[in-house]
Amino acid sequence: MTRHKQDGLTMNLFDSLDAGELWQEALCPGAAVLHGYAGDGRLLLPAVHDVTTLAPFRQMVTPSGFRMSVAMSNCGSFGWLSDKSGYRYGSTDPLSGRAWPRMPDSFARLASAAAAQAGFDGFEPDACLINRYEPGARLSLHQDKDERDFSQPIVSVSLGIPAVFLFGGLSRTDPAIRVLLTHGDVVVWGGPARLRYHGVMPVKEHNHPIMGRCRINLTFRKVM
Ligand code: SIN
Ligand code: FE2
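Now for a look at the structure at hand. Every chain is numbered on its own, with residues counted from 1 as its sequence reads. Starting at A for chains and at 1 for ligands, labels are handed out in the order in which the entities are written. Reporting in this predicted model follows two pLDDT cut-offs: at least 70 for local features of residues, and 80 or more for side-chain atom pairs to be given and counted; totals over whole chains, interfaces and linings ignore these cut-offs and use all residues. The basis for the side-chain values is all heavy atoms of the structure; hydrogens and waters are excluded.

## Considerations on the overall build of the protein chain
Operational definition: We count a stretch as a helix when DSSP gives it H or I for four or more residues in a row; a strand needs E for two or more, and each element gets its number in order from the N terminus. When we talk radius of gyration, it's over C-alpha atoms, and the globule rule is simply 2.2 Å times the number of residues to the 0.38. Buried means the residue's accessible area, taken with a 1.4 Å probe over protein chains only, is under 20% of the maximum for its type, while exposed means over 50%, and partly exposed covers the values in between. Any two residues having at least one pair of non-hydrogen atoms within 4.5 Å are treated as being in contact. Computed by Shrake-Rupley with a 1.4 Å probe, the accessible areas treat only the displayed protein chains as cover when residues are assessed.
Across its full length, the protein chain carries 3 helices and 13 strands. Relative to the 2.2 N^0.38 estimate, which gives 17 Å for 224 residues, the radius of gyration of the protein chain is 17 Å and therefore close to what a compact globule would have. Taken along its principal axes, the extent of the C-alpha atoms in the protein chain is 50 × 35 × 35 Å. Relative to its 224 residues, the protein chain shows a buried fraction of 51%. Long-range pairs, those at least 24 residues apart, make up 71% of the contacts in the protein chain between residues at least 6 apart in sequence. Surface exposure of the protein chain reaches about 10,900 Å², of which carbon and sulfur atoms provide 54%.

## Describing the pairing of strand 4 (residues 79-83)
To be explicit about the condition: Strands are treated as partners if at least two bridges between them are detected by DSSP.
Of all 5 residues making up strand 4, 4 are buried, and the element is well covered by its neighbours. Pairing of strand 4 with strand 5 (residues 86-90), which is carried by 5 bridges, proceeds in the antiparallel orientation. In the strand pairing of strand 5, serine 82 is matched with tyrosine 87. Joining the antiparallel neighbours strand 4 and strand 5 is a turn of 2 residues.

## Considering the coordination of the iron ion (ligand 2)
Six octahedral donors around a metal ideally make angles of 90 or 180 degrees; four tetrahedral donors ideally make 109.5 degrees. Put simply, the test is: Keep in mind that water is not among the atoms, so a site may look incomplete; donors are the N, O and S atoms within 2.8 Å of the metal, or 3.2 Å for Na, K and Ca.
The protein atoms that coordinate the iron ion (ligand 2) are His142 (NE2), Asp144 (OD) and His198 (NE2), at distances spanning 2.1 to 2.2 Å. In primary sequence terms, the donor set of the iron ion (ligand 2) follows H-x1-D-x53-H. Pair noted here: histidine 142 is in strand 7 (residues 139-142) and histidine 198 is in strand 12 (residues 198-200), with a separation of 56 residues, a long-range link. For histidine 142, a relative accessible area of 21% corresponds to the partly exposed category.

## Considering the pairing of strand 3 (residues 71-76)
Most of strand 3 sits out of view: 6 of its 6 residues are buried. Looking at chain direction, strand 3 and strand 6 (residues 127-133) are connected through 6 bridges and run antiparallel. Its bridge partner being in strand 6, alanine 71 is matched across the sheet by arginine 132.

## Description of the side chain of serine 82
Quick reminder of the rule: Counting of polar contacts relies on pairs of N or O atoms within 3.5 Å, with two restrictions inside protein: one atom must be capable of donating a hydrogen and the other of accepting it, and residues adjacent in sequence are counted only when both atoms are side-chain atoms.
Along the chain, serine 82 turns up in strand 4. Polar contacts involving the side chain of serine 82 include one to the main-chain carbonyl oxygen of valine 61, which spans 2.8 Å. In this structure, serine 82 is in contact with Met60, Val61, Thr62, Pro63 and Tyr87, ignoring residues within four places of it in sequence.

## As for the layout of surface pockets
Threshold: A pocket, in this scheme, is an open set of points on a 1 Å grid over the protein atoms alone with protein on both sides within 12 Å along at least 5 of 7 lines, while a cavity is a set where a 1.4 Å probe fits but cannot get out; residues line either one if an atom lies within 4 Å of a point. Grid points are joined across faces, edges and corners, and a volume is the space filled by probe spheres set on the points. For this classification, Asp, Glu, Lys and Arg are treated as charged, while Ala, Val, Leu, Ile, Met, Phe, Trp, Tyr, Cys and Pro are nonpolar and the rest, including Gly, are polar.
Its boundaries defined by the atoms lining it, the largest pocket holds a volume of some 680 Å³. What lines the largest pocket is a set of 34 residues, among which Met68, Trp80, Leu139, Ser140 and His142 lie closest to the centre. Among the elements of the structure, strand 6, strand 7, strand 12 and strand 13 (215-221) are those that each provide at least two residues to the lining of the largest pocket. For the lining of the largest pocket, the class distribution of residues is 13 nonpolar, 12 polar and 9 charged.

Interpretation in functional terms is not warranted from these geometric data alone.
Okay, structure coming up:
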């Protein structure tokens, strides 16, 4: 297995793990990175393809009128939307007028298992936002707060080229730590960390052997 961080601490930690053991990195109370938890993504990628054939990636517009650099789609009972009238969840894809594609079982199982691994049992997501980043795309600091029940965590699965994830505090101006997320990494935040600000630095030029110049992030939420 390869690791991107080469500092002594990380290498010693990693070398001391038995094969197959999970490297779980606590970010703060309620938040953890499960490095490599999604494996090589083999089960997820065909499902991403199926969903985004039915509900194609699109660059949404923010309420202030800017087109987002990240392209998005959704699956599950609810999909996250942004347009001139605001941010919200909706049960239909405005492009087709049809319900969002159902959430693949492999997605729901992975999200629920990752949440449990991080200490949040019984997570049953009803929404999965699929973000596609090409080099240069970024996501500015924000809170996930359009969901009804903040007792349920957020589970975020990263695939493809690496990105630097920013994980801040409960106020926008709190300092943010930087976490390198690579193919297969899963971040879970909930409980006291549920409303922490987070974002993604502009993605750098890379080529992933399976996914090319692209990063896909799946974020699972319990909306209702
Ligand atoms: C998000 O906050 O919706 C996505 C985070 C990510 O792409 O890692
Ligand atoms: Fe988010």
